[in-house]
Protein chains: 2
Amino acid sequence: MRASLMYGAGDVRVENVPDSVIKYPTDALVRITASCVCGTDLWPYASLKPEDGPARMGHEFIGIVEDTGSEVTTVSRGDLVVSPWSISDNTCEFCRQGLPSSCIHPQANFWDGETDEGAQAEAIRVPLADGTLVKLPVEADSALIPSLLTLSDVFCTGYHAAVSGGVDERTRVTVIGDGAVGLMAVLSAKRLGAEQIVLMGRHQARTDLGLEFGATDVVSARGEEGVEAVRELTGGYGSHVVLEAVGTRPAYDQALGIVRPGGVISRVGAPQYEEAPIGIGSLFRHNIRLAGGPSPARAYIEGLLPDVLSGTIEPGKVFDAITDLDGVPTGYQDMADRKSLKVLIKP
Amino acid sequence: MRASLMYGAGDVRVENVPDSVIKYPTDALVRITASCVCGTDLWPYASLKPEDGPARMGHEFIGIVEDTGSEVTTVSRGDLVVSPWSISDNTCEFCRQGLPSSCIHPQANFWDGETDEGAQAEAIRVPLADGTLVKLPVEADSALIPSLLTLSDVFCTGYHAAVSGGVDERTRVTVIGDGAVGLMAVLSAKRLGAEQIVLMGRHQARTDLGLEFGATDVVSARGEEGVEAVRELTGGYGSHVVLEAVGTRPAYDQALGIVRPGGVISRVGAPQYEEAPIGIGSLFRHNIRLAGGPSPARAYIEGLLPDVLSGTIEPGKVFDAITDLDGVPTGYQDMADRKSLKVLIKP
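In this text, all values refer to a predicted model and were calculated from it rather than measured experimentally.

Novice: Just checking my understanding: could you explain the relation of the copies chain B and chain A for this structure?
Specialist: Note that the two copies of the chain are related through a rotation about an axis and a translation along the same axis. Between chain B and chain A, the superposition needs a rotation of 180° and an axial shift of 0.0 Å, giving an RMSD of 0.0 Å. One copy is carried onto the other by what is essentially a two-fold rotation axis. Of the C-alpha atoms belonging to chain B, the one lying closest to the rotation axis is found on B:Leu290, 2.5 Å away. Of the residues that chain B buries at the interface, 100% are likewise interface residues in chain A, meaning the two copies contact each other through the same surface.

Below, the structure is given as structure tokens:
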């Protein structure tokens, strides 16, 4: 079968690899019908050292179950399924509390533990299939596929930002970042009824989509100037909730400048830093809370599915490019160059 | 009148100072009947440079209103009142949202703006008296005074830790620190129904009081050993909520080791650090939240008052020493030496 491999920074290749096969009785083998490139894939695309490669890529997909291990009971051959970006058993202490991203099953992981599997490929072995996969009540060629595919990661991640931030109808929200996750955070804040949604971004095609998703204001300035602009839009007080969808230190510092006393900074962009200010001069003095983390996507999928199936929300609009497997290397480069927002792959 | 002044580290003196008087129409003049030394007073007691002194000390008190400015309407001469540790108007945007510690009135401050006033004295001028003071329905010599005095800071601070941490009857709590705030955090977690309350501390008289206040377990070990002990007590998963009542980096690091995935670290010990780990290796990976800050005491007093008046809770038990003004310097030293837990002052 064919699959994408990253050999190093800027070097993605599509090659023939051994066919994925069932290894454990809890596995499912899935023929992938739709996959995509994630913003987090761009971090290794910018920095992977050749000695750490090649790595199989991709953790977001929809596909048709082709085979199942003997213990799998919830999906069977022929089912169309969506997979969240992390593998979980859906039965452990943390899964039961809605945090499958912290599943304690030995086989649970972020696909990073599955070194010979990746979703930017023709097929994939899915560990803990019962806990991980969710059946979809549509055909593989449904027009809803792009929106359904966002449930595997990007929409659930944006939604997690908004839920973790406690967004409701009394909330003024600022979203930092006009990437796909930031735009999904806008859509999610809108869905939760936010009173105001300020989107910080400078790429007009993206901020226009943000306005379509429910942003009430767009601020293109960054740094001090951006902070001032948001303060002005929020009556001088700052935002109740800042959804930080970038992951860099400047984005965190910007969030500190924007959040109001008693507010929340909810982070879903994987932090590219470890230490940052949290003392009296930053979070503590005004009771500012910090929330967020990797999205427990599996816990959100069933709740978000009805609105996607009904077309009430169309998160699939974040895909502005589509390619086959051969086009994956170009897809990475286009996303890195910000020519594409998010690339959908039809293997 | 007589008042306590801190001239530098380890150097507290009681001296004659000009009488406090009404300066603004919103002021009240209060004759202090009960006051105390705060754990935060020990920070300057350990580090104040002589060139930054002398500083008037004390921000927790009960007293009798002696005079009021022309605009004061809620308290009058002869009323017994308790003051929260911060001055606020109780009407601004943040006060109305329950965060008087972030009051935006120009006269609002943490008493640090009132350089010629302090509560370890015979009398005090209280700015924004209507917003700040709360009338007490008892006499100045009531046996309830110690417990009522804790409403000015230490009890409300411990309570804020527990409220900010979201403690409820499904919560396993660990409290870091057996100082007065830590013990109040135990009492507060108990009041909110916590399923388990582990108190980390090594001073037996204090941890015994913690057990009386509702701690279910005491862990005297610190660092890695302490973390292991708490993990063992919590089924290997860690605590849902860690109430960090110390404020040092080691205490924060200990909290990181103890909190479980999806849990909360709620800080009320003023951080003696600015930067600390919050990235993938600490908070982010397992969706651990960070909460807390200075206690909005004024917003809690009325709600906690009935249980104190009825004797249902007895937070005043944290006072293990009592002195007059002359004994204040010794009181500081005894608290610094951990000979006294918290010193009550009867001027």
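Read on for the rest.
Novice: Is there a simple way to explain unusual backbone geometry in this structure?
Specialist: The phi torsion of most residues other than glycine is negative, and most of the peptide bonds are trans. A cis amide bond, omega -10°, links A:Gly53 with the succeeding residue A:Pro54. Among the secondary structure elements, A:Pro54 is positioned in the loop between helix H1 (42-47) and strand E4 (55-56). In this structure, B:Asn90 is a non-glycine residue whose phi angle is positive, near 65°. Following the sequence through the fold, B:Asn90 ends up in the loop between strand E6 (80-83) and helix H2 (93-96).

Novice: What exactly am I supposed to notice about the domain arrangement of chain A here?
Specialist: Size of an interface: often given as the accessible area lost when the parts come together. Residue and element names in this part refer to chain A. Per the domain assignment, the segments making up chain A are domain 1 (2-153 + 296-345) and domain 2 (160-292). Using C-alpha coordinates to define each centre, domain 1 is positioned 27 Å away from domain 2. Every contact between the two is made by 15 residues of domain 1 and, on the other side, 17 residues of domain 2. When domain 1 packs against domain 2, the two sides together hide about 1400 Å² of surface, and 63% of this comes from carbon and sulfur. Considering only the side of domain 1, the residues that lose the most area to domain 2 are Trp43, Arg338 and Leu341, jointly responsible for 41% of the buried surface there. Taken together, the connections running from domain 1 to domain 2 amount to three salt bridges. One salt bridge in this structure joins Arg338 and Asp178, with 2.9 Å as the shortest N-O distance. Put simply, domain 1 and domain 2 have seven residue pairs in polar contact (both at pLDDT 80 or more) between them. The greatest single-element share of the side of domain 1 that touches domain 2, amounting to four residues, is contributed by helix H10 (residues 297-309). Of the residues contributing to the side of domain 1 that touches domain 2, the split by class is eight nonpolar, two polar and five charged.

Novice: What should I look at first to understand the packing of helix H5 (residues 154-164) of chain B against helix H6 (residues 180-191) of chain B in this one?
Specialist: Residue and element names in this part refer to chain B. In contact at an axis separation of 7 Å, H5 and H6 are set at 55° when each is read in the N-to-C sense. Of the possible angle classes, the one that applies to H5 and H6 is oblique. Judged by the twist between their axes, the crossing of H5 over H6 is right-handed. Across the interface between the two elements, Val154, Phe155, Thr157, Gly158, Tyr159 and Ala162 of H5 pack against Ala180, Val181, Met184, Ala185, Leu187, Ser188, Ala189 and Arg191 of H6. Looking at the contact of H5 with H6 residue by residue, the class counts come to 10 nonpolar, three polar and one charged.

Novice: How should I be thinking about the pairing of strand E7 (residues 123-126) of chain A in this particular structure?
Specialist: Residue and element names in this part refer to chain A. Side-chain alternation along E7 places Ala123 and Arg125 on one buried face and Ile124 and Val126 on a second face that is also buried. For strand E3 (residues 28-36) and E7, the ladder comprises four bridges, and the chain directions are antiparallel. Across the sheet, residue Ala28 finds its bridge partner in E7, namely Val126.

Novice: Any chance you could explain the interface of chain B and chain A here in plain terms?
Specialist: On the chain A side, the residues contacting the 43 residues of chain B number 43 residues. Around 3500 Å² of area is buried between chain B and chain A when both sides are counted, 57% of it from carbon and sulfur atoms. On the chain B side of the contact with chain A, B:Ile278, B:Phe284 and B:Asn287 bury the most area, a combined 20% of that side's loss. If you look at where chain B meets chain A, you find four salt bridges. Measuring nitrogen to oxygen at the nearest pair gives 3.0 Å for the salt bridge that ties A:Glu93 to B:Arg260. Applying the counting rule to chain B against chain A returns 28 residue pairs in polar contact (both at pLDDT 80 or more). Counting residues per element, the ones that place at least two in the side of chain B that touches chain A are H2, helix H9 (249-258), strand E13 (259-267), strand E14 (275-277) and strand E15 (289-292) of chain B. Taken together, the three bridges between strand E14 (residues 275-277) of chain A and E14(B) define a ladder with antiparallel strand orientation.

Novice: Sorry, what's going on with the packing of aromatic side chains here?
Specialist: For any pair of aromatic rings, the description consists of the separation of the ring centres together with the inter-plane angle of the planes. In total, this model carries 14 aromatic pairs over all chains according to the counting rule given. Judged by centre distance (5.2 Å) and plane angle (40°), the rings of A:Tyr45 and A:Tyr332 are tilted. Placement of the pair is A:Tyr45 in helix H1 and A:Tyr332 in helix H11 (residues 328-336), with a sequence separation of 287 residues. Both residues of the pair, A:Tyr45 and A:Tyr332, belong to the buried class. Judged by centre distance (5.9 Å) and plane angle (40°), the ring pair of B:Tyr252 and B:Tyr273 falls under tilted. Here B:Tyr252, found in helix H9, pairs with B:Tyr273, found in the loop between E13 and E14; they are 21 residues apart in sequence, far enough to count as distant. A relative accessible area of 0% means that B:Tyr252 is categorised as buried. An aromatic cluster is defined as three or more aromatic residues linked by ring pairs; in this entry it consists of A:Phe155, A:Tyr159 and A:Tyr300. The ring of A:Tyr7 has A:Arg13 lying over it, and the distance from NZ or CZ to the ring centre is 3.7 Å.

Novice: I tried to follow the sheet that holds strand E2 (residues 11-16) of chain A on my own but got confused; where do I start?
Specialist: Remark on secondary structure: sheet strands pair via backbone hydrogen bonds, oriented parallel or antiparallel. All names here are of chain A. As summarised here, the arrangement of the three strands in space is E2-E1-E4, forming an open sheet in which the pairing is antiparallel. In the strand order of this sheet, the two ends are held by E2 and E4, each with one partner. For strand E1 (residues 2-8) and E2, the ladder comprises six bridges, and the chain directions are antiparallel. Residue pairing across strands places Leu5 opposite Arg13, the latter belonging to E2.

Novice: What is the right way to read the environment of A:Gly69 from this model?
Specialist: All names here are of chain A. Tracing the backbone through its elements, the reader meets Gly69 in the loop between strand E5 (61-68) and strand E6 (80-83). Given a relative accessible area of 6%, Gly69 falls into the buried group. Linking Gly69 and Ala129, residues 60 residues apart in sequence, is a C-alpha distance of 8.8 Å.

Novice: I keep staring at helix H8 (residues 223-233) of chain B and nothing clicks. Help me out?
Specialist: A turn of α-helix holds 3.6 residues, and therefore any two residues three or four places apart point the same way. Residues and elements named next belong to chain B. For H8, the full list of buried residues reads Gly226, Val227 and Val230. Projection of H8 onto a plane perpendicular to its axis shows the buried side chains occupying an angular sector of 100°, all on one side. Seen from the open side of H8, the exposed residues pointing more than 90 degrees away from its buried face are Glu224, Glu225 and Glu232. In this structure, the buried residues of H8 make contact with strand E9 (172-176), strand E10 (196-200), strand E11 (217-219), strand E12 (239-244) and H9. Just downstream of H8 lies Gly235, where phi reads positive at about 65°.

Scoring rules and cut-offs
Residues numbered from 1 in each chain as written. Chains lettered and ligands numbered in written order. Predicted model: local features only at pLDDT ≥ 70, side-chain atom pairs only at ≥ 80, totals over all residues. Heavy atoms only, no water. Least-squares fit on C-alpha atoms with pLDDT ≥ 70 in both. Contact = heavy atoms within 4.5 Å. Helix = DSSP H or I, 4+ residues; strand = E, 2+ residues; numbered from the N terminus. Domains from an automatic or database assignment. Buried area = accessible area lost by both parts, 1.4 Å probe. Salt bridge = Lys/Arg side-chain N within 4 Å of Asp/Glu carboxyl O. Polar contact = N/O pair within 3.5 Å; in protein donor to acceptor, adjacent residues only side chain to side chain. Nonpolar A, V, L, I, M, F, W, Y, C, P; charged D, E, K, R; others polar. Axes fitted to C-alpha atoms, helices over the stretch in contact; angles between N-to-C directions. Parallel < 35°, antiparallel > 145°, perpendicular 65-115°, else oblique. Left-handed = near helix turned anticlockwise from the far one by under 90°. Buried < 20%, exposed > 50% of the residue type's maximum accessible area, 1.4 Å probe, protein only. Pairing = 2+ DSSP bridges. Phe/Tyr/Trp six-rings, centres within 6.5 Å; stacked < 30°, edge-to-face > 60°. Lys NZ or Arg CZ within 6 Å of the ring centre and 35° of its normal. Arc of directions from axis to C-beta.

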